[in-house]
Amino acid sequence: TRSVTITSVDQSMFEKAQGEKVTLPCTFELSEEDEGPLDIEWVLIPADNQKREKIIIMYSVDRVYDQYYAATTKRMHFTNLDPKSGDGSLDILNLKAADTGTYQCKVKKAPGVQSTKIQLTVLVKPARTKCSIEGSQEIGKDVTLKCVSQEGSPLLSYDWRRVSGTQNLPATSVLNKNTGELLLKNASQEYSGRYSCVASNRVGTDECSVELNVTPPVNTAAIIVGAIIGTLLGLSVLCSIIFCFCKKHREKKYEKEVHHDIREDVPPPKSRSSTARSYIGSNRSSLGSMSPSNMEAYTKTPYSQVPSEDFERAPAQNSAFAPSKVAAPNLSRMGAVPVMIPAQSKDGSIV
């Protein structure tokens, strides 16, 4: 008994790049015995067996149903606007990595049923490829050039080439196409220049470049000595600042203590009047023993010179001192000039 026959069996696997378009073929022929309604279904079988199959588009009773999943809406539709003519192929636009999977086309017209499966793999082109240098760029050192793509479906392959000067890689270089590492052993200044890396897979390529500059070794000993000297100088300056600060702080503290210190054993200062009375009284007490010889010396002392209050009171000073009457010698006979001698009254005033 004849039934529905799937005629598109030429290709069962497709590999496409992300963002491209693919047409999954599903052509068929109907039999005269198939008198039931025609149904065409496209089902996505996930790679994970734990997930269920899902219908992504269907044709039934002269109507298309494609509103099953928002992710596939307007991206998947029948190639032929009239699938019942024998062409139920499926177009998928703007492919995404999530579109990878097994697609099954089912054609049903009772009593006949036929199906076919197509494997679709959506590959991502290499993108955001970055080049870098690892190791010291000094003469005699080993330098590694690295190349890594942030995006891209496996299997990725990397290839290095020299852009500036001769395009041949140095004789001592070792390339790993799987990891993208280019090892330059015992580097010399002739290795300097620009290097380019090309990352590729089955659907596309991406490229990056890096500049290598091999220089003579750096005098590390001089750098270390300079760093040590600079550190010591910095420490000495810091210690000097701390010492000056502490010294100034101690001086301020000492001045503050002296300023506020009250000593009870020091007597209060004497007034100028009491000091003057003490000085005059002591001088008058000595007038009784004055002679013409010492009178001349006494007259040379100006009366206006009053001792300051720093002079201490005489231990034997008596506040009730009464001036004694002293007989003045006959100075006219000695040819001396008479002098006014101050005297002190009973109430302590000077006359």
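What counts, and where the lines are drawn
- Residues numbered from 1 in each chain as written.
- Predicted model: local features only at pLDDT ≥ 70, side-chain atom pairs only at ≥ 80, totals over all residues.
- Heavy atoms only, no water.
- Helix = DSSP H or I, 4+ residues; strand = E, 2+ residues; numbered from the N terminus.
- Buried < 20%, exposed > 50% of the residue type's maximum accessible area, 1.4 Å probe, protein only.
- Contact = heavy atoms within 4.5 Å.
- Areas by Shrake-Rupley, 256 points an atom, 1.4 Å probe, with all protein chains shown as cover.
- Polar contact = N/O pair within 3.5 Å; in protein donor to acceptor, adjacent residues only side chain to side chain.
- Disulfide = S-S within 2.5 Å.
- Pairing = 2+ DSSP bridges.
- Axes fitted to C-alpha atoms, helices over the stretch in contact; angles between N-to-C directions.
- Patch = residues over 30% accessible without salt bridge, like charges linked within 9 Å, V, L, I, M, F, W, Y side chains within 5 Å.
- Salt bridge = Lys/Arg side-chain N within 4 Å of Asp/Glu carboxyl O.
- Core = buried A, V, L, I, M, F, W, Y, C linked by side-chain atoms within 4.5 Å.

Draft legend 1. Representation of the overall build of the chain within the structure. A count of helices and strands for the chain gives three helices and 18 strands. Counting all 351 residues of the chain, 28% fall into the buried class. Restricting the contact set of the chain to residue pairs at least 6 apart, pairs at least 24 apart contribute 57%. Per element, the accessible surface of the chain, about 23600 Å² overall, is 54% carbon and sulfur.

Draft legend 2. Geometry of the side chain of Ser153. Here Ser153 is to be found in the loop between β13 (143-151) and β14 (157-162). Here Val124 takes part through its backbone nitrogen, which lies 2.6 Å from a polar atom of the side chain of Ser153. With sequence-adjacent residues up to four places away left out, Ser153 is seen in contact with Val122, Leu123, Val124 and Asn201.

Draft legend 3. Region of the structure containing the state of the cysteines. Throughout the structure, instances matching the rule amount to three disulfides. With its sulfur 1.9 Å from that of its partner, Cys26 forms a disulfide with Cys105. Here the S-S torsion is close to -70 degrees, and the disulfide linking Cys26 with Cys105 is therefore left-handed. Of this pair, Cys26 sits in the loop between β3 (22-24) and β4 (28-29) while Cys105 sits in strand β10 (residues 101-109), and the two are 79 residues apart along the sequence. With relative accessibility at 0%, the residue Cys26 sits in the buried group. Bridging Cys131 to Cys208, the disulfide has an S-S length of 1.8 Å. Residues Cys131 and Cys208 are joined through a disulfide that is right-handed, its torsion about the S-S bond being 75 degrees. Residue Cys131 is located in strand β12 (residues 127-134), and its partner Cys208 is located in strand β18 (residues 204-212); the two are separated by 77 residues in the primary sequence.

Draft legend 4. Highlighting the pairing of β14. Only one face of β14 is covered, namely the face carrying Tyr158, Trp160 and Arg162; the face carrying Ser157, Asp159 and Arg161 is uncovered. Where β14 and strand β17 (residues 193-201) come together, six bridges link them in antiparallel fashion. Bridging across to β17, Tyr158 finds its partner in Ala199.

Draft legend 5. Examining the pairing of β13 more closely. Direction of pairing for β12 relative to β13: antiparallel, over a ladder of seven bridges. Across the sheet, the residue bridging to Ile133 is Leu145, located in β13. As paired elements, β13 and strand β16 (residues 181-184) share four bridges and run antiparallel to each other. Directly across from Leu145, in β16, lies its bridge partner Leu182.

Draft legend 6. A look at the sheet that holds β3. Taken in spatial order, the three strands make up an open sheet running β3-β9-β8, and their pairing is antiparallel. Where the open sheet ends on each side, the last strands, each with one partner, are β3 and β8 (76-78). Each strand axis lies, on average, 25 degrees off the axis of its neighbour in the sheet, ignoring direction. Of the pairings in the sheet, the one linking β3 to strand β9 (residues 90-92) comprises three bridges and is antiparallel in character. Looking at β9, one finds that Leu24 is bridged to Leu90.

Draft legend 7. Up close: the sheet that holds strand β2 (residues 13-17). Reading across from one edge, β2-β11-β10-β5-β6-β7 is the order of the six strands in this open sheet, with mixed pairing throughout. Edge positions in the open sheet fall to β2 and β7 (63-65), since each of these has one partner strand only. Between one strand axis and the next, the sheet turns by 20 degrees as a mean value, whatever way the strands run.

Draft legend 8. Summary view of a nonpolar patch on the surface. A grouping of Ile224, Ile228, Leu232, Leu235, Leu238 and Ile242 is seen on the molecular surface, where their side chains present a nonpolar patch of about 570 Å² in accessible area. When you line up the elements, Ile224 lands in helix α1 (residues 220-259).

Draft legend 9. Quick peek at the nonpolar core. By size, the foremost hydrophobic cluster in this structure holds 25 residues, and its most contacted members are Leu24, Trp42, Ile92 and Tyr103. Elements that contribute at least two residues to this core include exactly β3, β5 (38-45), β6 (54-60), β8, β9, β10 and β11 (112-123). The element that contributes the greatest number of residues to this core is β5, accounting for four residues. Aside from chain neighbours lying at most four places away, what touches Tyr103 is Leu24, Trp42, Val43, Leu44, Ile56, Met76, Ile92, Thr116, Lys117, Ile118 and Leu120. Grouped together as the second largest cluster of nonpolar side chains are 18 residues, Val143, Leu184, Tyr191 and Val214 included.

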